[in-house]
Amino acid sequence: MPRRIWKAITNNLGLKILAAFFAVILWMVVVNIDDPKISTRFVTSVAIENGNYLTDQGKYYEVLNDSNTVVFTVTAKRSYIEKLSSTDFKAVADMKNATIDNETNVGRVPIDVTPLRYSTQVTISKATQNLEIKLEQLAHAQFIIGAQATGTLPQGCALGEVSVTPNLLKVSGPQSVVDRIDHVVASIDVTGMTGDVVDNVIPVLYDAAGEVIGQTDLTLNLSTVTVSAKILDTKEVSLICKAFGEPAEGFTYVDMEFSPKTVAIKGKAAALNNITAIVIPDSALDITGARNDITQTIDVTEYLPEGVTLVDPAASKVTVTVRIAQLASKTVNLFTSGIEVLNLPENLKLTFDSSVLRVNISGIRSDIDQFDAADIKASIDGSQLTPGTHEVDVALELQNGIDHTPVTVSVSVEEITTDEPQEEEPEETDPIENENQIPEPEPGVGEETN
């Protein structure tokens, strides 16, 4: 039996081997026609390894020309290619392999692409591709973060203290970018707020021109900070200003003007309720020995109560002007014919013993220079007079700011008897209108000015 089987196998052995050979060839042809090898292009991002290799040397690198994306060709059978995608490949650029041109600071890093699946079934084109980088000095800097509020508050509310925590930002990146940073600001919106506000915000970098600097190439130690804004009440109050000291001899204080006369203050309601005015003490304005007007600017913030500030810090300056005037005096003539006699009993008759009185007046020189004696209103009180000769005080009404020394006049009083017909008093003649009736003043009776 075995012999018969062996004979059957070896019978026409050459033909059988040749048939088997052609069968294999035919199978390979069929397979290659049905599942041929094909090539396909894939795109993937380049992963950077050992990135700190350059940063540890104080260098910052920037990828140029979008070379961190690589295009490569993969060859494999159709059955494998159809199962592959870009995520099945890994492209790596190792910074330790970088070659740098010291003159241009431009470098190239070889990109190595490897399959993550079917590594024995696929072939990747070996064309050399590089990650192009530009080197720059790595810089580090620290900035104080400024806090600011934006938006509009309701009527009667004002912005108080705005603070940020933490307030120190550490920045690292290319020297050219870090050098552009001028200041850092964290902003909080207070629109419509009537109470204190707290929010987490991203700090923003600005250059000297106020333009925002992008943070793409920078490393910051803080991603957000906390900004707090206090919302305060407001109140309009008056200013009270006083002066200290006395002007020089022969000069006098006239009055004081200051502007503004009111200021708007802000604070918590409890602090504002007890404030009716802001008093600038007299020690702030010394007029001792002054001979001319004094104009002085006073910072009202120094005299605000604790817990209170100005709504507008720019309105802190108060301009005060103190008017100082020179004093003067002179002697003028008062005609007794112009003195009004008041309250004289009907049974008495009064006559003045002199026609002219000397009146010494004093005041601001400008007022004294313009003073007209004809404007003096003079009167005496006759209610207590009795027959005889009397020295009576003369009451004078002068314009504001002008003083006079006490003035008396000698009068004679007679009783009118009923059996004697009452003589009609001669009609008074205005001495100014009839110069012939003005008695000649005694020597030295004319006006004198000091």
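Located above this text is the structure these notes cover.
Residues numbered from 1 in each chain as written. Predicted model: local features only at pLDDT ≥ 70, side-chain atom pairs only at ≥ 80, totals over all residues. Heavy atoms only, no water.

A. Region of the structure containing the side chain of D207. Here D207 lies in the loop between β13 (204–206) and β14 (219–220). Within polar-contact distance, the side chain of D207 engages the backbone nitrogen of A209 at 3.0 Å. Within the local environment of D207, its side chain forms a polar contact with the backbone nitrogen of E211, the two atoms lying 2.7 Å apart. If we ignore the near neighbours within four places in the chain, the residues touching D207 are R180, D182, H183 and I213. (Helix = DSSP H or I, 4+ residues; strand = E, 2+ residues; numbered from the N terminus. Polar contact = N/O pair within 3.5 Å; in protein donor to acceptor, adjacent residues only side chain to side chain. Contact = heavy atoms within 4.5 Å.)

B. Representation of the environment of A91 within the structure. Looking at the element boundaries, A91 is found in strand β4 (residues 89–94). Along the primary structure A91 and N68 are separated by 23 residues, whereas in three dimensions their C-alpha atoms are 9.2 Å apart. Look past the residues within four positions of A91 in its chain and what remains in contact with it is T44, S45, V46, A47, V70, I111, D112 and V113.

C. Representation of unusual backbone geometry within the structure. Look at the link from T165 to P166: it is a cis peptide, with omega at -15°. Inspection of the secondary structure assignment puts P166 in the loop between β9 (157–165) and β10 (168–174). Cis geometry marks the peptide bond from S259 to P260, where omega comes out at 0°. Tracing the chain through its elements places P260 in the loop between β16 (251–259) and β17 (262–267). Phi at N50 takes a positive value of approximately 55°, unusual for a residue other than glycine. Assignment of secondary structure puts N50 in the loop between β1 (37–49) and α3 (52–55). In this structure, N343 takes a positive phi of about 60° despite not being glycine. By the element assignment, N343 lies in the loop between β22 (340–342) and β23 (348–352).

D. Representation of the sheet that holds β23 within the structure. Read across the open sheet, the three strands follow the order β23-β29-β26; overall the sheet is antiparallel. The sheet terminates laterally at β23 and β26 (388–393), the two strands that pair on one side only. Within the sheet, the average angular offset between the axes of one strand and its neighbour, ignoring direction, is 35°. (Pairing = 2+ DSSP bridges. Axes fitted to C-alpha atoms, helices over the stretch in contact; angles between N-to-C directions.)

E. Quick look at the pairing of β4. For β4, the buried fraction is high: five of the six residues fall into the buried class. Direction of pairing for β1 relative to β4: parallel, over a ladder of four bridges. Looking across to β4, one finds that I48 is bridged to A93. Inspection of the sheet shows β4 paired to strand β6 (residues 106–115) by five bridges, in the antiparallel sense. From the neighbouring strand, A93 faces β6, where its bridge partner is I111. (Buried < 20%, exposed > 50% of the residue type's maximum accessible area, 1.4 Å probe, protein only.)

F. View of the packing of aromatic side chains. On inspection of all chains with the given rule, the structure shows four aromatic pairs. Between the aromatic rings of F42 and F89, the centroid separation amounts to 5.1 Å while the plane-to-plane angle is 40°, which identifies the pairing as tilted. Of this pair, F42 sits in strand β1 while F89 sits in strand β4, placing them 47 residues apart in sequence. The interplanar angle of 65° and the centroid separation of 5.1 Å between the aromatic rings of Y80 and Y118 together place this pair among those described as edge-to-face. With a gap of 38 residues between them, Y80 in helix α4 (residues 78–81) and Y118 in the loop between β6 and β7 (123–124) connect regions that are remote in the sequence. Its relative accessible area of 26% is what places Y118 among the partly exposed residues. Connected via pairs of aromatic rings, a cluster forms that spans F42, F72 and F89. Positioned above the aromatic ring of F258, the side-chain terminus of K261 is 4.5 Å from the ring centre. (Phe/Tyr/Trp six-rings, centres within 6.5 Å; stacked < 30°, edge-to-face > 60°. Lys NZ or Arg CZ within 6 Å of the ring centre and 35° of its normal.)

G. Highlighting the sheet that holds strand β25 (residues 377–381). If you walk across this open sheet you meet the three strands as β22-β25-β27, and the pairing is mixed. What marks the edges here is a single partner per strand, and that holds for β22 and β27 (395–397). Across the sheet, the axes of successive neighbouring strands diverge by a mean angle of 30°, strand direction being ignored. Pairing geometry for β25 and β27, over three bridges, is antiparallel. Bridging from a neighbouring strand, S379 pairs with A395 of β27.

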